Amino acid sequence: MGMIKTKDGAEIFYKDWGPREAQAIVFHHGWPLSADDWDSQMLFFLSKGYRVVAHDRRGHGRSTQTATGNEMDTYAEDVKALAAALELRGAIHVGHSTGGGEVARYVARAEPGRVKKAVLIGAVPPVMVKSDRNPGGLPLEVFDGFRAQVAANRAQFYRDVPAGPFYGFNRPGAAVSQGVIDNWWRQGMMGGIKAQYDCIKAFSETDFTEDLKAIDVPVFLMHGDDDQIVPIADSAVLGIKLLKHGSLKIYEGFDHGMATTRADVINADLLAFIRD
């Protein structure tokens, strides 16, 4: 575990476990979480002999609580700095939700040889917000509501999201885990409110269409058809059409946080894609 310093002085926390010469897998977390959201994947792939890396996005987790740079271009530059500092070559980048947007933007702009494959899990690309160009998206008012709740009572909002739609715990018969809810809250409250507030715009309004078109490595899209946070019809179903070397697997009944709630299934499919 350590820190790197970016060009603007922000410190980015990261975990880097396993043999340096092994195949590297880099995990990019969702909003408003941290590298800890990948605990299940980090342990699993470490046990399989991989080098596993996960960082806290600026403003999140243990990284600097930045007031500026909380947008996708800077997030991608931060990943470039991390890849250079850790000498990552031929890495596989895995992003969940907002982290999927970060992966798309980074991989599209990465130095040649840095990236071997990419995986987007319940990810936000191509673009979430509704517009004339994206009529099936979510209305801007939805994201304005997120911002209002973060500003008014972040602590309560960060209870309500995981207890409800994020993990599908609001569905009849759901196996609710209070520990999972508490861990989501813990991670969210570690970060800075300004960065998390700004990140709502970053994940909802950034258009990743050209990024997806530009990616020239294999990309695996994994998405639950009961994702209540990033609806599949306006994300993975559209994104797969933009990729040169894309594949899509739809998980019937799976929720947005399926890498946690169904880690057994997700890890097995990730491993198969990585080994292929």
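Here the structure is shown first, and the text comes after it.
Residues numbered from 1 in each chain as written. Predicted model: local features only at pLDDT ≥ 70, side-chain atom pairs only at ≥ 80, totals over all residues. Heavy atoms only, no water.

1. Structural notes on the environment of Ala 85
Argument step 1. Note on placement: Ala 85 falls in helix H2 (residues 72-85).
Argument step 2. Of the residues examined, Ala 85 reaches a relative accessible area of 44% and is grouped as partly exposed.
Argument step 3. Sequence separation between Ala 85 and Lys 5 is 80 residues, and the spatial gap between their C-alpha atoms is 9.6 Å. (Helix = DSSP H or I, 4+ residues; strand = E, 2+ residues; numbered from the N terminus. Buried < 20%, exposed > 50% of the residue type's maximum accessible area, 1.4 Å probe, protein only.)

2. A short note on the pairing of strand S5 (residues 91-96)
Argument step 1. The buried fraction of S5 is high, at 6 of 6 residues.
Argument step 2. Here S5 shows two buried faces, one formed by Ala 91, His 93 and Gly 95 and the other by Ile 92, Val 94 and His 96.
Argument step 3. Note: strand S3 (residues 24-28) against S5, 4 bridges, orientation parallel. Within the sheet, the bridge partner assigned to Val 26 lies in S5 and is His 93.
Argument step 4. Of the crossover connections in this fold, the one passing from S5 over helix H3 (residues 98-109) to the parallel strand S6 (residues 115-121) is right-handed. (Pairing = 2+ DSSP bridges. Right-handed = clockwise from strand over helix to strand, strands pointing away.)

3. Focus: the packing of aromatic side chains
Argument step 1. Enumeration according to the criterion identifies 16 aromatic pairs in this entry.
Argument step 2. Considering the side-chain rings of Phe 166 and Trp 184, the 5.4 Å spacing of their centres and the 70 degrees angle between planes classify their relative orientation as edge-to-face. Taken as a pair, Phe 166 in helix H4 (residues 140-166) and Trp 184 in helix H5 (residues 178-190) lie far apart in primary sequence, 18 residues in all. Each member of the pair, Phe 166 together with Trp 184, is buried.
Argument step 3. Their ring planes at 35 degrees and their centres at 5.2 Å tell us that Phe 220 and Phe 273 sit as a pair that is tilted. Of this pair, Phe 220 sits in strand S7 (residues 219-224) while Phe 273 sits in helix H10 (residues 263-275), and the two are 53 residues apart along the sequence.
Argument step 4. The class for Phe 273 is buried, based on a relative accessible area of 12%.
Argument step 5. Joined through ring pairs, the aromatic side chains of Trp 31, Phe 143, Phe 146, Phe 157, Tyr 158, Phe 166, Tyr 167, Phe 169, Trp 184 and Phe 203 make up one cluster.
Argument step 6. In this structure, Arg 57 is placed above the aromatic ring of Tyr 75, and the distance from its NZ or CZ to the ring centre is 5.4 Å. (Phe/Tyr/Trp six-rings, centres within 6.5 Å; stacked < 30°, edge-to-face > 60°. Lys NZ or Arg CZ within 6 Å of the ring centre and 35° of its normal.)

4. Considerations on the pattern of salt bridges
Argument step 1. Counted under the stated rule, the structure contains 24 salt bridges.
Argument step 2. Note that Asp 16 is salt-bridged to Arg 20, the shortest N-O span being 3.5 Å.
Argument step 3. Look at Asp 16 and you get buried, because its relative accessible area is 18%.
Argument step 4. You can call Arg 20 partly exposed: its relative accessible area is 46%.
Argument step 5. Here Lys 201 and Glu 205 are joined by a salt bridge, their closest N and O atoms 2.9 Å apart. (Salt bridge = Lys/Arg side-chain N within 4 Å of Asp/Glu carboxyl O.)

5. Comments concerning H2
Argument step 1. For H2, which comprises 14 residues, the first-to-last C-alpha distance of 20 Å matches the rise-based estimate of 20 Å (1.5 Å per residue) to within 8%.
Argument step 2. For H2, the set of buried residues is Met 72, Thr 74, Tyr 75, Ala 76, Asp 78, Val 79, Leu 82 and Ala 83.
Argument step 3. One side-chain oxygen of the residue at the start of H2 lies 3.0 Å from the amide nitrogen of Asp 73, identifying that residue as Glu 71.
Argument step 4. After H2 finishes, the residue Glu 87 shows a positive phi value of roughly 55 degrees. (Expected span 1.5 Å × (residues − 1). Polar contact = N/O pair within 3.5 Å; in protein donor to acceptor, adjacent residues only side chain to side chain.)

6. What about H3?
Argument step 1. Between its first and last C-alpha atoms H3 spans 17 Å; for 12 residues at 1.5 Å apiece the expected length is 16 Å, and the two agree.
Argument step 2. Among the 12 residues of H3, 10 are classified as buried, and the element is accordingly described as predominantly covered.
Argument step 3. Residues Thr 98, Gly 99, Gly 100, Gly 101, Glu 102, Val 103, Ala 104, Arg 105, Tyr 106 and Val 107 constitute the buried set of H3.

7. Some details on the environment of Val 79
Argument step 1. As for its placement among the helices and strands, Val 79 is situated in helix H2.
Argument step 2. Given a relative accessible area of 2%, Val 79 falls into the buried group.
Argument step 3. Each C-alpha atom of the pair Val 79 and Val 107 lies 9.6 Å from the other, and the pair is 28 residues apart in sequence.
Argument step 4. When residues no more than four places from it in sequence are discounted, the contact partners of Val 79 are His 28, His 55, His 93, Glu 102 and Tyr 106. (Contact = heavy atoms within 4.5 Å.)

8. Remarks on the sheet that holds strand S2 (residues 11-17)
Argument step 1. Taken together, the 8 strands give an open sheet; going across it, the order is S1-S2-S4-S3-S5-S6-S7-S8, and neighbouring strands pair in mixed fashion. Lying at the two open borders of the sheet, with one neighbouring strand each, are strand S1 (2-5) and strand S8 (246-251). In this sheet, neighbouring strand axes are inclined to one another by 20 degrees on average, regardless of whether the strands run parallel or antiparallel.
Argument step 2. As judged from the 6 bridges shared by S7 and S8, these two strands associate in the parallel manner. (Axes fitted to C-alpha atoms, helices over the stretch in contact; angles between N-to-C directions.)

9. A word on the nonpolar core
Argument step 1. The biggest cluster of nonpolar side chains holds 55 residues, and the ones touching the most others in it are Trp 31, Leu 88, Tyr 106, Val 107 and Phe 203.
Argument step 2. Trp 38, Ile 121, Ala 259 and Ile 266 belong to the second-largest nonpolar core, a separate cluster that totals 24 residues. (Core = buried A, V, L, I, M, F, W, Y, C linked by side-chain atoms within 4.5 Å.)

By themselves, these figures tell us nothing about what the structure is for.
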